Amino acid sequence: MSGRNQVSRRLVLAGAGAVAGGAVVTGHAAASAPAPAVKIRPGDPRYESLLRGNNFRFAGRPDEIRVAASTEQVVGAVTEAARTGRRVAVRSGGHCFEDFTADPGVRVLLDVSPMDAVGYDPAMRAFEVRPGATLGQVYRALFKGWGVTVPGGSCPAVGAGGHFAGGGYGALSRRYGSVVDHLYGVEVVVADRDGGARAVVATREPGDPNRDLWWAHTGGGGGNFGVVTRYWLRSPGATGDPSRLLPASPREMLECVVAWAWEGMTEQTFTTLLRNFGAWHESHSEPGSPSAGLYAILLLSHRNSGYFSLAVQIDAGLPGADGLVTEFVAAVTAGTGVEPIHNSRQTMPWLHKMTWPGTGEAGDAGTRRYKNKAAYLRRSLTDEQLATAYRHLTDDTAAGEAGMLLIGYGGQVRAVAPEATAVAQRDVVMKAVYYTTWADEGGDAANLAWVRHFYRDVYAATGGVPVPDEVNDGSYINYPDNDLVDPAWNTSGVPGRTLYYKENYPRLQRIKARWDPRGLFRHALAVEPPA
């Protein structure tokens, strides 16, 4: 995610919003030797249009944009960059929250979006996903061919490249875990110490000498170790024909959306709703729980929007699905006495739900600048934190479309040990996202100030950041926030990278030293080699 796959108001108001056994591949896979790589330099009419990703706050000025359509072209681009001493950054879908591909130090921007094939690889007995494939392409291909899926995000234009490497999660994660819990292997183009580059295949097999490189891509984040050119996906222990190697796609999704007006909303009622939402997740987030199939987002839009809302999704085919939704909504609203201004429930085909173009793209309404900050939660926010959230969501300083999300998590995610993958935050039940979006550069200062102060104040007791403790558990690398390594905003004494990786960070550092000895791949939050 990486990617902006959970933070649009339209996503939530919309509702959080390939034939079996065949070796089918979809997308733009080359059938013969690849054409020469496309080099786009300043002065080329395509250059300006390709500079920016999804967040228009950031645009670098690289010497060239290299558009790669094959692993061989990536090897060539990385070799050339390494031998000329130029820093390279890779972009797939371009949905990074920060400037990882637009930093002034990046001299070669490697665009792998043409590498978008999705299919079944019989040699690996796993599904192959190229990094440029969008989540929408992944869902369509897996569903149409085999009726399976991965528990990824709900924004169909996000690229698999960054989303998978950072962990990946979505509406099915409470039931099936993170995307990387189904990652069998990766092909990564790495830079050698002598300035060359090569493609390395790494799998989760215990005897694989490259297994540490696979592990690094189970939540270590993109842009750290090399360029992923293939992912292979197969659930642990899965056997048989391809239709049994990944979770089955739901047939239909049941969706419930409830909205409340800010007018007349008291602090007591507001904080009760939030506390109830958190308490339910504390009690219903064990692996295998009958409620693990239920996924909910509480979208706390700022008061200037006029309302805030709750969106619930569940596989309509689960036993008692409608009743589970009813019980959940009753638990969230218990003791509030407030009537919603909107309360709807509908069932729709799963593929339509996951691939409809309107489900949450930043920029649908012309707002292409944003700043997001995030945190994991092991339990509900404290009373003091809830009061702080109410204060900032009802103040007069929010300039853009702003607010906060509480996102249901846990469930099957918690069945995996923290050290089994690079995703260290396993004993968690929710994610929190603080966001603001706006249209033009003139709004930068006011919007950045609002969201930064909001976040700092929520975590005032721990130095302005979510230091792991009884309530907080650091943050999610696919929601990167450069402020966490800025001493002006992180006064906790806990390094920002520890907030993302916790005890897994030293292992990631050792892997970094082995596979990127020249430090060719780096950004503001990059894994650093051991001191």
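Computed from a predicted model, the values in this text were never measured in an experiment.

1. A few points about the sheet that holds strand S5 (residues 108-111)
- Pairing within the open sheet is mixed, and its four strands lie in the order S2-S3-S5-S4. What marks the edges here is a single partner per strand, and that holds for strand S2 (38-40) and strand S4 (88-91). Between one strand axis and the next, the sheet turns through 25° on average, direction left out of account.
- In this sheet, S5 lies alongside S4 in parallel orientation, the contact comprising four bridges. Across the sheet, the residue bridging to Val 88 is Val 108, located in S5.
- Sheet strands touched by helix H3 (residues 71-83): S2, strand S3 (64-67), S4 and S5. Its angle to S3, the strand with the most contacts, is close to 155°.

2. Focus on the sheet that holds strand S12 (residues 295-301)
- Taken in spatial order, the seven strands of this open sheet run S14-S11-S13-S12-S16-S17-S15, and their pairing is antiparallel. Only two strands of the sheet have a single partner each, and these edge strands are strand S14 (342-349) and strand S15 (369-377). Looking at each pair of strands side by side, their axes are set apart by 15° on average, direction ignored.
- As paired elements, strand S16 (residues 401-408) and strand S17 (residues 430-438) share eight bridges and run antiparallel to each other. Each residue of the ladder has a partner; that of Glu 401, found in S17, is Thr 437.

3. Some points on the side chain of Asn 55
- Mapping Asn 55 onto the fold places it in the loop between helix H2 (47-51) and S3.
- Separated by 3.3 Å, the side chain of Asn 55 and the backbone oxygen of Phe 97 make a polar contact.
- In this structure Asn 55 touches Gly 94, Cys 96, Phe 97, Arg 368, Arg 369 and Tyr 370, once residues within four positions along its chain are discounted.

4. Examining unusual backbone geometry
- Backbone geometry places Arg 125, a non-glycine residue, at a positive phi of 50°.
- Along the chain, the position of Arg 125 falls in the loop between strand S6 (118-121) and strand S7 (126-129).
- Not every positive phi belongs to a glycine, and Lys 502 is a case in point at roughly 50°.
- You can call Lys 502 buried: its relative accessible area is 19%.

5. Comments concerning the UniProt feature "domain: FAD-binding PCMH-type" (unreviewed entry) in the protein
- The UniProt entry lists residues 58-238 under the feature "domain: FAD-binding PCMH-type" (unreviewed entry), expressed in the numbering used here.
- Strand forms 24% of residues 58-238 and helix 23%; the C-alpha atoms that close the span are 42 Å apart.

6. Overview of the environment of Val 494
- Position of Val 494 relative to the elements: it lies in the loop between helix H12 (444-458) and helix H13 (496-501).
- For Val 494, a relative accessible area of 22% gives the class partly exposed.
- Sequence separation of Val 494 and Thr 462 is 32 residues, and the distance between their C-alpha atoms is 9.4 Å.
- Here Val 494 is in contact with Val 467 and Leu 499, once residues within four sequence places are set aside.

7. Examining the confidence of the model for the protein
- Residues of the protein with pLDDT of at least 70 account for 91%, and the chain-wide mean is 92.
- pLDDT under 50 marks residues 1-32. Its contacts with residues more than four places away, or in other chains, come to 125 contacts.

8. Here's the deal with the packing of aromatic side chains
- Scanning the model with the defined rule gives 28 aromatic pairs in all.
- Summarising the aromatic geometry, the rings of Tyr 169 and Tyr 479 are spaced 6.3 Å apart at their centres and angled 75° between planes, so their arrangement reads as edge-to-face. With a gap of 310 residues between them, Tyr 169 in the loop between helix H5 (160-165) and helix H6 (173-176) and Tyr 479 in the loop between H12 and H13 connect regions that are remote in the sequence.
- Ring centres 6.3 Å apart and planes at 50° place the aromatic pair Trp 262 and Tyr 390 in the tilted group. Here the residue Trp 262 occupies a position in the loop between strand S11 (252-261) and helix H8 (267-283), and Tyr 390 occupies one in helix H11 (residues 383-393), the gap between them amounting to 128 residues. Taken as a pair, Trp 262 and Tyr 390 share a single burial class, namely buried.
- Aromatic rings pair up to connect Phe 97, Tyr 169, Tyr 370, Tyr 376, Tyr 409, Tyr 476 and Tyr 479 into one cluster.
- For Lys 431, the ring lying beneath its charged end belongs to Tyr 169, and the centroid distance is 3.7 Å.
- The ring of Tyr 409 has Lys 431 lying over it, and the distance from NZ or CZ to the ring centre is 4.5 Å.

Criteria and thresholds
- Residues numbered from 1 in each chain as written.
- Predicted model: local features only at pLDDT ≥ 70, side-chain atom pairs only at ≥ 80, totals over all residues.
- Heavy atoms only, no water.
- Pairing = 2+ DSSP bridges.
- Helix = DSSP H or I, 4+ residues; strand = E, 2+ residues; numbered from the N terminus.
- Axes fitted to C-alpha atoms, helices over the stretch in contact; angles between N-to-C directions.
- Contact = heavy atoms within 4.5 Å.
- Polar contact = N/O pair within 3.5 Å; in protein donor to acceptor, adjacent residues only side chain to side chain.
- Buried < 20%, exposed > 50% of the residue type's maximum accessible area, 1.4 Å probe, protein only.
- UniProt positions renumbered as here; feature names shortened; annotations may be inferred.
- pLDDT = per-residue confidence, 0-100.
- Phe/Tyr/Trp six-rings, centres within 6.5 Å; stacked < 30°, edge-to-face > 60°.
- Lys NZ or Arg CZ within 6 Å of the ring centre and 35° of its normal.

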